[in-house]
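Below, each chain spelled out in residue letters.
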Number of protein chains: 2
Amino acid sequence: MKGLEARFGELLKELRNKKGLTQEELATDCGLDRTYISMLERGLRQPTLTTLFKIAEVLNVSPSSIVKQLE
Amino acid sequence: MKGLEARFGELLKELRNKKGLTQEELATDCGLDRTYISMLERGLRQPTLTTLFKIAEVLNVSPSSIVKQLE
DNA sequence: GTGTGACTTTAAGTCCGTA
DNA sequence: ATACGGACTTAAAGTCACA
């Protein structure tokens, strides 16, 4: 079983690509840093609840649907 | 609109009480500190993804169902 | 059984850059 | 456009004593 952070990272990358956004665009729209998005996608960081909600909003998905895919 | 942390805290308290657990029991079962649970319930901390998953497991609810109630 | 303040350590998150 | 690194600031993790 891969770690939670790694699975979140993969999912984030997938959702971001599906939306046709670059890491930089996603970061800007979320009010986050470009390098932080990179770290999230590589499984080097894990988001807080607030960050999860911010990202989900920009990606036009519900936060719970993201979490559900990690269960 | 109340902050996300505050709403998570209220929900956590509600779910914990529904399960008939004290903060102390929940904390022990999660491998967390009692005072940390207290801070979460008061909205003074916000959980990371990992902490959310730990707590949800002990409360016998899915992490996504918790998140869904915060949307 | 819980709230709270003070605290130390770890991780979240930013900002600079290179390749 | 992204990976990756160092140095940094802010907040979360995690603990303790006391009310």
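Residues numbered from 1 in each chain as written. Chains lettered and ligands numbered in written order. Predicted model: local features only at pLDDT ≥ 70, side-chain atom pairs only at ≥ 80, totals over all residues. Heavy atoms only, no water.

Chain A is annotated in an unreviewed UniProt entry as Helix-turn-helix domain-containing protein of Chryseosolibacter histidini.

### Quick word on the overall build of chain A
Note the threshold: Only DSSP runs of H or I covering at least 4 residues are called helices, and only runs of E covering at least 2 are called strands; the numbering of each starts at the N terminus. The globule rule used here is 2.2 Å times the number of residues to the 0.38 power, and the radius of gyration it is set against is calculated over C-alpha atoms. Two residues qualify as a contact provided that any one of their heavy atoms is within 4.5 Å of a heavy atom in the partner residue. Computed with the Shrake-Rupley method and a 1.4 Å probe, the accessible areas treat only the protein chains shown as cover for residues. Counting rule for charge: Lys and Arg are taken as positive, Asp and Glu as negative, and neither His nor the chain ends is counted. Charged side chains are reduced to one point each, which is NZ for Lys, CZ for Arg, CG for Asp and CD for Glu.
What chain A contains, in helices and strands, is five helices and zero strands. Of the regular secondary structure in chain A, the N- to C-terminal order runs α-α-α-α-α. Since a compact globule built from 71 residues should have a radius of gyration of about 11 Å, the 11 Å found for chain A is in line with a globular shape. Counting only C-alpha atoms, chain A reaches 30 × 25 × 20 Å along its principal axes. In chain A, 54% of the contacts between residues at least 6 apart in sequence involve partners at least 24 apart. A total of about 3800 Å² of accessible surface is found on chain A, and carbon and sulfur atoms cover 48% of it. The positive charge centre, built from 11 side chains, and the negative charge centre, built from 10, are 4 Å apart in chain A.

### Description of the UniProt feature "domain: HTH cro/C1-type" (unreviewed entry) in chain A
We apply this condition: UniProt positions are given in the numbering used here, feature names are shortened, and annotations may be inferred rather than shown by experiment.
In the numbering adopted here, UniProt assigns the feature "domain: HTH cro/C1-type" (unreviewed entry) to residues 12-66 of chain A. The annotated region residues 12-66 of chain A carries 67% helix and 0% strand content, and the separation between its end C-alpha atoms amounts to 9 Å.

### Side note on the interface of chain A and chain B
Note the cut-off: Summed over both partners, the accessible area lost on bringing two parts together, with a 1.4 Å probe, is the buried area.
Contact with chain A, which involves 17 residues of that partner, is made by 17 residues of chain B. Carbon and sulfur atoms supply 71% of the area buried between chain A and chain B, which totals about 1500 Å² over both sides. On the chain A side of the contact with chain B, A:Leu49, A:Phe53 and A:Ser64 bury the most area, a combined 36% of that side's loss. Those elements giving two or more residues to the side of chain A that touches chain B turn out to be α1 (4-18), α4 (49-58) and α5 (63-68) of chain A.

### Structural notes on the protein's contact with DNA strand C
The cut-off we apply is this: Only heavy atoms are used to decide nearness, and a residue is near a molecule or strand if one of them lies within 4 Å of it. Pairs of N or O atoms within 3.5 Å make up the polar contacts considered here, provided that, within protein, one atom can donate a hydrogen while the other can accept it, and that residues adjacent in sequence are counted only when both atoms are side-chain atoms.
Lining the immediate environment of DNA strand C, one finds 20 residues, of which A:Asp33, A:Tyr36, A:Gln46, A:Thr51 and B:Gln23 sit closest. Within 4 Å of the protein, the atoms of DNA strand C are drawn from sugar and phosphate moieties in a proportion of 55%. For DNA strand C, a phosphate oxygen lies 2.7 Å from a polar atom in the side chain of A:Thr51. Elements that contribute at least two residues to the surface near DNA strand C include exactly α3 (34-41) of chain A together with α2 (23-30) and α3 (34-41) of chain B. In terms of residue count, the dominant contributor to the surface near DNA strand C is α3(A) (four residues).

### Notes on unusual backbone geometry
Generally, phi is negative for residues other than glycine and the peptide bonds are trans, each holding for most cases. All names here are of chain A. What counts here: The buried label applies to any residue whose accessible area, calculated with a 1.4 Å probe on protein chains only, is under 20% of its type's maximum; exposed applies above 50%, and partly exposed to all values in between.
Although it is not a glycine, Asn-60 adopts a positive phi angle of roughly 60 degrees. With respect to the element layout, Asn-60 can be found in the loop between α4 and α5. Exposure remark for Asn-60: the relative accessible area of 57% places this residue in the exposed category.

### Points about the nonpolar core
Just so we agree on the cut-off: What is meant by a nonpolar core is a set of buried Ala, Val, Leu, Ile, Met, Phe, Trp, Tyr and Cys residues, joined one to another through side-chain atoms within 4.5 Å.
In terms of nonpolar packing, the biggest core is built from 46 residues, with A:Phe8, A:Leu26, A:Leu49, B:Phe8, B:Leu26 and B:Leu49 touching the most fellow members. Dropping the residues within four chain positions of it, A:Leu26 is found in contact with A:Leu12, A:Arg16, A:Leu21, A:Ile37, A:Val58 and A:Leu59.

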